[in-house]
Amino acid sequence: MAESYPDDGIGDRDTPAQAVPGLRPETEGTADAASRTLDVDGETFALRPNDCDGTDYTWLSGPNPGYGFGMSPTAGLSVEEHRENIRDFLAMVDPTTGRIEDD
């Protein structure tokens, strides 16, 4: 059987990767089976439920690995409401540092 994807240096070439519908591959420990990704205005975030009935948002396409924010409660939010939370966060980020700066 021919390989469908080139070797990316991760894993064993003799063991085929298993696809999981609806999930992206893990990116440096920031996404897992409980998370989902959401693209907002050209930026990608992993959304993961937290222990406070909220959501942890990790900025996967941002300049600082693992950077993001959390919000609770978020039970029952629509995808558009999650997008608005992300847009509010991005509006506070300093474009030079990629972080929210303290005054």
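Because the structure is predicted, anything quoted here is derived from the model rather than measured. Within every chain, residues take consecutive numbers counted from 1 along the sequence as written. Selection of residues for local features in this predicted model requires a pLDDT of at least 70, selection of side-chain atom pairs for listing and counting requires 80 or more, and totals for whole chains, interfaces and linings are taken over all residues. Processing note: side-chain calculations cover all non-hydrogen atoms of the structure and skip hydrogens and water entirely.

K.L.:
Hey, could you go over the sheet that holds strand β2 (residues 43-49) for me, with residue numbers and the actual values?
P.N.:
Paired through their backbone hydrogen bonds, the strands of a sheet run either parallel or antiparallel. Pairing between strands requires that DSSP locate at least two bridges from one strand to the other. What counts as a helix is a DSSP run of H or I of at least four residues, what counts as a strand is a run of E of at least two, and both are numbered from the N terminus. In spatial order, the strands read β1-β2-β3-β4; together these four strands make up an open sheet with antiparallel pairing. Of all strands in the sheet, those bounded by a partner on one side alone are β1 (36-40) and β4 (68-71). Neighbour to neighbour, the strand axes of the sheet diverge by 25° on average, direction disregarded. By the bridge criterion, five bridges tie β2 to strand β3 (residues 55-59) in an arrangement that is antiparallel. The partner of Leu47 across the bridge, within β3, is Tyr57. Axis lines are fitted through C-alpha atoms, for helices just across the contact stretch, and the angle between N-to-C directions can take any value from 0 to 180 degrees.

K.L.:
So what's going on with the packing of aromatic side chains? Residues and values would help.
P.N.:
Centres within 6.5 Å are what make two rings of Phe, Tyr or Trp a pair, Trp counting through its six-membered ring; a difference in plane orientation under 30 degrees is then read as stacked, over 60 as edge-to-face, and the rest as tilted. On inspection of all chains with the given rule, the structure shows six aromatic pairs. Residues Phe45 and Trp59 carry aromatic rings whose centres are separated by 6.0 Å and whose planes lie at 5° to one another, so their mutual orientation is stacked. Here Phe45 is found in strand β2, whereas its partner Trp59 is found in strand β3, with 14 residues between them in sequence. We note that Phe45, like Trp59, is buried. Note on exposure labels: buried denotes an accessible area under 20% of the residue type's maximum, exposed denotes more than 50%, and partly exposed covers the range between, all computed with a 1.4 Å probe on protein chains only.

K.L.:
Any chance you could break down helix α1 (residues 79-92) for me, citing the residues and the numbers?
P.N.:
Multiplying one less than the number of residues by 1.5 Å gives the expected span of a helix. Relative to the 20 Å expected for 14 residues at 1.5 Å per residue, α1 spans 21 Å between its end C-alpha atoms, a close match to the ideal helical length. Taken together, the buried positions of α1 are occupied by His82, Asn85, Ile86 and Phe89. Buried positions in α1, seen along its axis, are confined to an arc of 95° and lie on one side of it. As for α1, its buried residues are in contact with β1, β2, β3 and β4. This arc is taken over the directions from the axis of the helix to the C-beta atoms. The contact criterion used is simple: two residues touch if any of their non-hydrogen atoms lie within 4.5 Å.

K.L.:
Give me the nonpolar core: which residues, what numbers.
P.N.:
Nonpolar side chains tend toward joint burial in soluble globular proteins. To define a nonpolar core, start from buried Ala, Val, Leu, Ile, Met, Phe, Trp, Tyr and Cys residues and group those joined through side-chain atoms within 4.5 Å. In this structure, Leu38, Val40, Phe45, Leu47, Tyr57, Trp59, Tyr67, Phe69, Ile86, Phe89 and Val93 together form the largest nonpolar core, which totals eleven residues. Secondary structure elements with two or more residues in this core: β1, β2, β3 and α1. Leave out the neighbours within four places in its chain, and Leu38 touches Glu43, Thr44, Phe45, Leu47, Val79, His82, Arg83 and Ile86.

K.L.:
How would you explain the environment of Leu60 if you had to name every residue and give the values?
P.N.:
Tracing the backbone through its elements, the reader meets Leu60 in the loop between β3 and β4. Judged by its relative accessible area of 22%, Leu60 falls in the partly exposed class. Remark: the alpha-carbon pair of Leu60 and Leu38, spanning 22 residues in sequence, is separated by 9.8 Å.

K.L.:
Let's hear about unusual backbone geometry: which residues, and what values?
P.N.:
The omega torsion across Ser72 and Pro73 is -10°, close enough to zero to call that bond cis. Mapping Pro73 onto the fold places it in the loop between β4 and α1. Although it is not a glycine, Asp41 adopts a positive phi angle of roughly 50°. Note that Asp41 resides in the loop between β1 and β2.

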